[in-house]
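These are the residues of each chain, in order.
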Amino acid sequence: MQIDIRGLRKVYPGGVVALEGLDLTIPPGVFGLLGPNGSGKTTLMRILATLLEPSAGDAYIDGRDVRRNKAPIREMLGYMPQEFGFYPTLTAYETLDYFALLCRMNDPKQRRSRIRESLAQVNLEQLAERRVGTFSGGMKRRLGIAQALLNDPRVLIVDEPTSGLDPEERIRLRNLLAELAGGRIVILSTHIVSDVEITSERFAILHEGRLLFSGKLADLLARLEGRTWIIDIEEEELTRVREQFFVTGVFRSATGMQVRVIADAMTHPRGYSTSPTLDDGYVATMRQEAELSAVD
Ligand code: ADP
């Protein structure tokens, strides 16, 4: 079971190029799509979910073509869109019942058991009879995932599941996605680096419809091994350090200020070596892309 994406391109009417010839393989497990707003994450997810036609290229889910095998793909796939509308006066159970009927789960007994199972998978059984209008952001998101799980999909696609959640809800949701990955492909999109760092064994970085990286965290960090540093500085030094080094982060400490930088060698007297983080890798990847685009 895997997803194969070859030369995938999407140009929207009006000429916006949302995907620029993407090549990507997605194996089972949690796979993160990381990129800023507008980088093409939703477009890619909607194409995989057979809701949007690509302009060129191919995508196969378990060997099935998303253009020609829409019905079998929809049977094995669950999708939670970014904007997920609920009727506030319906309970969680009634909401899922409504969606199950839309998916033509006509047998009442089967429908009831799938709804119960989906609610249990997202830890909402206790709230089945509560009106959705009273739910927190995290509960609504979990209900959205329960909706996507109704057909017990082998591929679960969730668009920005953690956006707008408070830290506790974010952690809960990350854990949930990791749990759901057993044997499935779970694709989540996010613009938050730590979402990917914590949940995803593999991830891709998208920027303006282009794939900048795909692989494991360790592969991205290996590129920076021996090249990440911390420098203790006085506040007045910041501008000069920025001119000299590629800064990936600035932090205040009890004693003053620290900057994280990427450099082949350290020439500052108060600089010392540190381990690379995904933040460093993400910032460095984005910066390289910006510099290459400027050269174009
Ligand atoms: P992301 O999910 O990473 O925020 P999207 O896939 O939503 O990115 O968008 C990628 C690009 O395509 C953006 O420039 C966006 O403005 C554009 N876009 C998205 N949907 C449409 C549409 N229906 N019509 C025209 N342009 C669109």
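Provided above is the structure to which this section pertains.
From a predicted model like this one, the values you see are computed outputs, not experimental measurements. (Residues numbered from 1 in each chain as written. Predicted model: local features only at pLDDT ≥ 70, side-chain atom pairs only at ≥ 80, totals over all residues. Heavy atoms only, no water.)

Another point: the side chain of Gln-147. Relative to the helices and strands, Gln-147 is located in helix 5 (residues 137-149). Using a relative accessible area of 15% as the deciding quantity, one classes Gln-147 as buried. A polar side-chain atom of Gln-147 sits 3.0 Å from the main-chain carbonyl oxygen of Gly-144. Beyond its immediate stretch of four places on either side in the chain, Gln-147 contacts Tyr-79, Met-80, Phe-84, Leu-96 and Phe-99. (Helix = DSSP H or I, 4+ residues; strand = E, 2+ residues; numbered from the N terminus. Buried < 20%, exposed > 50% of the residue type's maximum accessible area, 1.4 Å probe, protein only. Polar contact = N/O pair within 3.5 Å; in protein donor to acceptor, adjacent residues only side chain to side chain. Contact = heavy atoms within 4.5 Å.)

Any empty space left between atoms is shown by rolling a water-sized probe over those atoms. Each pocket or cavity is described by its volume, and for the largest pocket that value is around 680 Å³. Around the largest pocket sit 20 residues that line it, and Arg-74, Leu-77, Cys-103, Gln-147 and Asn-151 are the ones nearest its centre. Counting residues per element, the ones that place at least two in the lining of the largest pocket are helix 2 (70-76), strand 6 (77-80), helix 3 (92-102) and helix 5. In terms of residue class, the lining of the largest pocket is made up of 13 nonpolar, 4 polar and 3 charged. Taken as a whole, the second largest pocket spans an internal volume of roughly 190 Å³. Taken together, Met-80, Pro-81, Gln-82, Glu-83, Phe-84, Phe-86, Gly-137, Lys-140, Arg-141, Asp-159, Glu-160 and Ser-163 form the lining of the second largest pocket. Ranked by the residues each element gives to the lining of the second largest pocket, the list is headed by helix 5, at 3 residues. Of the residues belonging to the lining of the second largest pocket, the class tally is 4 nonpolar, 3 polar and 5 charged. (1 Å grid on protein atoms, 1.4 Å probe; cavity = no way out; pocket = protein on both sides within 12 Å on 5 of 7 lines; lining within 4 Å. Points joined across faces, edges and corners; volume = space filled by probe spheres on them. Nonpolar A, V, L, I, M, F, W, Y, C, P; charged D, E, K, R; others polar.)

We now examine the side chain of Ser-200. Mapping Ser-200 onto the fold places it in the loop between helix 7 (193-199) and strand 9 (202-207). Overall, the relative accessible area of 9% leaves Ser-200 in the buried class. Among the polar contacts listed, one links the side chain of Ser-200 to the side chain of Thr-199, at a separation of 3.1 Å. If we skip the residues at most four places from it in the chain, Ser-200 touches Val-30, Phe-31, Gly-32, Leu-188 and Asp-195.

What follows covers the pairing of strand 7 (residues 155-158). Burial along strand 7 is two-sided: the face carrying Val-155 and Ile-157 and the face carrying Leu-156 and Val-158 are both buried. Two strands pair when backbone bridges link them, and strand 6 and strand 7 are joined in this way by 4 bridges, in the parallel orientation. Counted as the bridge partner of Met-80 is Val-158 from strand 7. Relative to strand 8 (residues 185-190), strand 7 runs parallel, the two sharing 4 bridges. Bridged to Ile-157 within strand 8 is Ile-187. Taking the sense of rotation as the criterion, the β-α-β connection linking strand 7, helix 6 (residues 167-180) and strand 8 turns out right-handed. (Pairing = 2+ DSSP bridges. Right-handed = clockwise from strand over helix to strand, strands pointing away.)

The quantities given are spatial measurements derived from coordinates; they are silent on function.
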